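Chain and residue survey
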Amino acid sequence: MTQELLAVTIDGRTVRVPKGTTIIEAAKQAGLIIPHYCYHPSLPSPGVCRMCLVEVEKAPKLMPACVTTVAEGQVVKVHSPQAERARESVLEFLLINHPLDCPICDQAGECELQNYVFQEGRAGTRYADYAKRFNPVEDFGPDVLYVANRCILCTRCVRFMDDVAQTPVLNVSERGDRAYIGIMEDQLLDHPWSGNVVDLCPVGSLISKDFLHKARAWDLDKTASICPGCSQGCNITIDTRDDVVTRLRPRPNLDVNRHFICDHGRLDYRWMNRGDRVEAPLVRRDGATQATDWDTAIHRLVELTAASGPVVVLASGRASLESLGLVQRLLAHREVTAAVQLPQGDEAALGSIAGLALRSERAPNGAGARMTGYTAGWDTAVARAGAAALTVLLDVSLTDSEVASIQGSGAVVALATLDDPRLTFAALTLPVSTMVEENGTYLNRDHRAQRYLQAKPAPGMARPAWWVAADAWAAGGRDRTSLSSAAEALVSLGRDFPTLAGVTVAELGFSGRVLDGAAAGSAR
């Protein structure tokens, strides 16, 4: 059914939006951000902060834009003198007891109170002669500290735990100028999704212990990516400082994770900074392992893959769609048993949001692996590796017993990120990049193909696994050309896997799309 569209004019710009749209959302369509604190698009709107007051023609008073819906022909003035004076008064009120501790606050540089005071606040205070209220810092749970002095009582955290997580452990305690965010007695803020209250807080009142005093916002490089923690495929932003990953934060995608990520995914980044990496190609000849250049390594890989006999491929569930597909292409002339490593864990749903959960399959690309032919059982593939002519390891983490099983293989090729002293018997060890060091694509549990971007350089001579496979494939036959980018690799897979035909990086954009013929879920 076609939605009814209404015309509304906001600061002289006319837009047409669906009936029932709030003024604050309509303003975004007109290219305007109305200042706000309590409002958040994924939470119920209480209209308590009074920061989003705007002038609406024919209305007797200023209206809160977060709860006022548009009407046909409505004229709204965001920056009228009356509206600006009202917002200036709200900011002055909020600053009466707010500590001026921006130099030591983790939110400095991305604080909405800072931004709006600079944009619309008074140049000075009229309360310099009055002492500010003081409350001690409280420990709310495993990763959250509450700094009551900075709190502006927007109640986003309370509403998230009440209405979204459906675990009402937070509340507004006391009243008036003594009010603060309280936590239920004998309870902790330890819900599997509780870290989102830090992202929701518009000031530095709720802070992450993990990120405490690690970096300033202006020191961080921000990169769009996909959470590697499970098959949900939540969209995230990777923040790096001096090529070190410092934190992961949710990136909005209404069809996957709305504005949230779970604590498991949020804190699962330390492996991205490991220093025990393979940094150069290693070839084993005459019982000794030696570092070599990429040309020699690729030549040796062509020799090993051109031979006859059965092949076993053991791949990581974090490997990209491009890497998985091109390894299959490289080995297409052989009898291949391919399996993917998919760790399992407990599932943790996010209360009121259907289709959003920390999934039991703790790998981001299990669906992509299955689509590209990695369908054998893991234990079966490991057992066959001992008798295989060639075993290819694609960034997998093996147990001691699994390492012992593959030692019987005719030859072992390890495309590895980490230096594993147990694999010194490998005929060829090739340094490959992790997902945070390359561009690539994941396919989530709903068969939504989504891009992730390189956030930091790969160490040493490491290259993406798709590049290694593509170069070896091109060198192994006539009239073959190699691939120069992940975008080209994705397009080229369309001829091997019909589901990927016509899929391009430009089409996927930053929100991805569900591949044709695949059932889709939703986090709406």
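Here is a short report on the structure shown in this document. (Residues numbered from 1 in each chain as written. Predicted model: local features only at pLDDT ≥ 70, side-chain atom pairs only at ≥ 80, totals over all residues. Heavy atoms only, no water.)

**Topic: unusual backbone geometry**
Here the phi dihedral of Arg 258 falls at roughly 50°; this positive angle occurs in a residue that is not glycine. Take Arg 258: it is sitting in the loop between strand E13 (244–250) and helix H6 (263–267). We note that Asp 286 has phi near 55°; this positive angle belongs to a residue other than glycine. (Helix = DSSP H or I, 4+ residues; strand = E, 2+ residues; numbered from the N terminus.)

**Observations regarding the pattern of salt bridges**
Pairing between side chains of opposite charge can happen when their charged atoms approach one another. Following the criterion strictly, the structure yields 28 salt bridges and no others. Its salt-bridge partner being Arg 241, residue Asp 219 comes within 3.8 Å of it at the nearest N-O pair. Here Arg 241 lies in strand E12 (residues 235–241) and Asp 219 lies in the loop between strand E10 (206–208) and strand E11 (221–226), a separation of 22 residues in the sequence. Among the salt bridges present, the one from Asp 496 reaches Arg 329, with a minimum N-O distance of 2.7 Å. You can see Asp 496 sitting in the loop between helix H13 (486–492) and helix H14 (505–508) and its partner Arg 329 sitting in helix H8 (residues 321–330), a full 167 residues away along the chain. For Asp 496, a relative accessible area of 33% corresponds to the partly exposed category. By sharing partners, the salt bridges in this structure join Glu 110, Asp 239, Arg 247 and Arg 249 into a single network. (Salt bridge = Lys/Arg side-chain N within 4 Å of Asp/Glu carboxyl O. Buried < 20%, exposed > 50% of the residue type's maximum accessible area, 1.4 Å probe, protein only.)

**Focus on empty space enclosed by the protein**
Inspection of every chain in the model, using the stated rule, returns 4 cavities of 30 Å³ or more. Approximately 120 Å³ is the volume attributed to the largest cavity. Contributing to the lining of the largest cavity are 14 residues, with Arg 318, Ala 319, Asp 395, Ser 433 and Glu 438 lying nearest its centre. When the residues that make up the lining of the largest cavity are grouped by side-chain class, the tally is 6 nonpolar, 5 polar and 3 charged. As a volume, the second largest cavity reaches approximately 90 Å³. (1 Å grid on protein atoms, 1.4 Å probe; cavity = no way out; pocket = protein on both sides within 12 Å on 5 of 7 lines; lining within 4 Å. Points joined across faces, edges and corners; volume = space filled by probe spheres on them. Nonpolar A, V, L, I, M, F, W, Y, C, P; charged D, E, K, R; others polar.)

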